[in-house]
Amino acid sequence: MLRRASKAQVCRQTQGLNLAIDTASLVLGIETTCDETAAAVIERGSDGRGRILSNIVHSQIEDHAPYGGVVPEIAARAHVDLLDGVIARAMRQADVRFVQLSGVAAAAGPGLIGGVIVGLTTAKAITLVHGTPLIAVNHLEAHALTPRLTHALPFPYCLFLASGGHTQIVAVLGVGDYVRLGTTVDDAMGEAFDKVAKMLGLPYPGGPQVERAAETGDRERFAFPRPMLGRPDANFSLSGLKTAVRNEASRLEPLERQDVCDLCAGFQAAVLETIIDRLDVGLAQFAERFGPPQALVAAGGVASNQAIRGALQTAADRAGTEFIIPPPKLCTDNGAMIAWAGAERLALGLTDPLETAPRARWLLDANVTTPAKFANTRAGF
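Just so it is clear, the model here is predicted, and its values are computed rather than measured.

## Focus: the side chain of Asp-186
Piece 1. Among the structural elements, Asp-186 can be located in the loop between strand S8 (177-183) and helix H6 (189-199).
Piece 2. Take Asp-186: its relative accessible area is 17%, and that puts it in the buried class.
Piece 3. A polar side-chain atom of Asp-186 sits 2.6 Å from a polar atom in the side chain of Ser-237.

Below you can see the structure in the form of structure tokens.
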């Protein structure tokens, strides 16, 4: 009896044979899921290669810094105030008119719902006025596909996504075809960096501050735990490590500058060892299930950390695969990644109706379920 292949399987098969229906396209991308208001225009050639014509990002860091983290209401209001101007700048820099666009892509989730509503509603308005297709993009899918914009990378490959809201190891098998191999069961990696920075009195955003302080710290001074080390699954846990840092900091109060540097160095060293161990497992699972990956790729703001890049290179070398990372400006949230994901989907005829709803949560792998032991945790299963 013949079984009808799913759309994802069809995409995977045609992409593997380079038979996807490719046409040249111009796509406007809109990103408003957190604290960056961003828009970009990309051109995707009929050969599948991409070119960034504009990429405008307005960071809201100064708005949120006094609060030590992102305030959703402030972010949403800023998107309302800024987005029209950011889109106008992106279109002007690209020297493109709205009637020339092949599609308008907007991040429809996951993210802070107020911001997602602003971006998706704006995209719908543009498509209504100009009769242009709408592409509702999963923000995580945009991160997953960005390496194909910068490196023309073939499928399948393994993605390590680490940001303030996500920590995942994902098998990227094709457009719309993703298998999550591992995730955090509590704090995201970027979240853990920011919380450690805050408890040590470092400014927001905390990730770069921890990295900078660690450069002059003694990574051997504190015996911090290496969470999940040696486990057969590829999941992460960072809450216990964060708590261990807090306990040591409380014991040492008042903290001297060198104490802060040593705490940061010890924390980062534990994270690096954990990343390598978890990726060893994730890459082995990838190879067993899908064959050797074309590359290990990284995305998300945490990938800007140079020490973490070194750990990722080590993991790739141990797995015998290439390590690829887009430029830093494309690792953090931006409009070009949304536009590119929209163009990739548009090339396969995947568009969305105007009734498409914004989503605060949107799993990249719709088939994952929550293991019983994690049912009451913050894990994003």
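## What to know about unusual backbone geometry
Piece 1. For the peptide bond that leads from Gly-109 to Pro-110, omega is -10 degrees, which places it in the cis range.
Piece 2. Along the chain, Pro-110 falls in the loop between strand S4 (103-109) and helix H4 (113-130).
Piece 3. With an omega of 0 degrees, the peptide bond running from Glu-253 to Pro-254 counts as cis.
Piece 4. Looking at the element boundaries, Pro-254 is found in the loop between helix H8 (239-252) and helix H9 (257-290).
Piece 5. The backbone of Asp-95 sits at a positive phi, close to 55 degrees, despite the residue not being glycine.
Piece 6. Assignment of secondary structure puts Asp-95 in the loop between helix H3 (72-94) and S4.
Piece 7. Judged by its relative accessible area of 67%, Asp-95 is exposed.
Piece 8. The backbone of Ala-152 shows a phi angle near 50 degrees, a positive value even though the residue is not glycine.

## Regarding the packing of H9 against helix H10 (residues 306-319)
Piece 1. Where H9 contacts H10, the two axes come as close as 9 Å, and the packing angle between them is 30 degrees. Relative to H10, the element H9 lies roughly parallel. Here H9 runs over H10; the crossing is right-handed. Along the contact surface, H9 presents Gln-268, Leu-272, Ile-275, Ile-276, Leu-279, Asp-280 and Leu-283, while H10 presents Ala-307, Ile-308, Ala-311, Leu-312, Thr-314, Ala-315, Arg-318 and Ala-319.
Piece 2. Residues that form the contact of H9 with H10 fall into these classes: eleven nonpolar, two polar and two charged.

## Quick notes on the packing of aromatic side chains
Piece 1. In the structure shown here, the tally under the stated rule is five aromatic pairs.
Piece 2. Centroid distance Phe-155 to Tyr-157: 5.8 Å. Interplanar angle 10 degrees. Geometry classified as stacked.
Piece 3. Taking relative accessible area as the criterion, Tyr-157 reaches 0% and is therefore assigned buried.
Piece 4. Each ring, one from Phe-286 and one from Phe-290, has its centre 5.6 Å from the other, and the planes form 70 degrees; the classification is edge-to-face. One end of the pair is Phe-286 and the other is Phe-290, both in helix H9 and four residues apart, which spans about a single turn.

Criteria and cut-off values
- Residues numbered from 1 in each chain as written.
- Predicted model: local features only at pLDDT ≥ 70, side-chain atom pairs only at ≥ 80, totals over all residues.
- Heavy atoms only, no water.
- Helix = DSSP H or I, 4+ residues; strand = E, 2+ residues; numbered from the N terminus.
- Buried < 20%, exposed > 50% of the residue type's maximum accessible area, 1.4 Å probe, protein only.
- Polar contact = N/O pair within 3.5 Å; in protein donor to acceptor, adjacent residues only side chain to side chain.
- Axes fitted to C-alpha atoms, helices over the stretch in contact; angles between N-to-C directions.
- Parallel < 35°, antiparallel > 145°, perpendicular 65-115°, else oblique.
- Left-handed = near helix turned anticlockwise from the far one by under 90°.
- Contact = heavy atoms within 4.5 Å.
- Nonpolar A, V, L, I, M, F, W, Y, C, P; charged D, E, K, R; others polar.
- Phe/Tyr/Trp six-rings, centres within 6.5 Å; stacked < 30°, edge-to-face > 60°.

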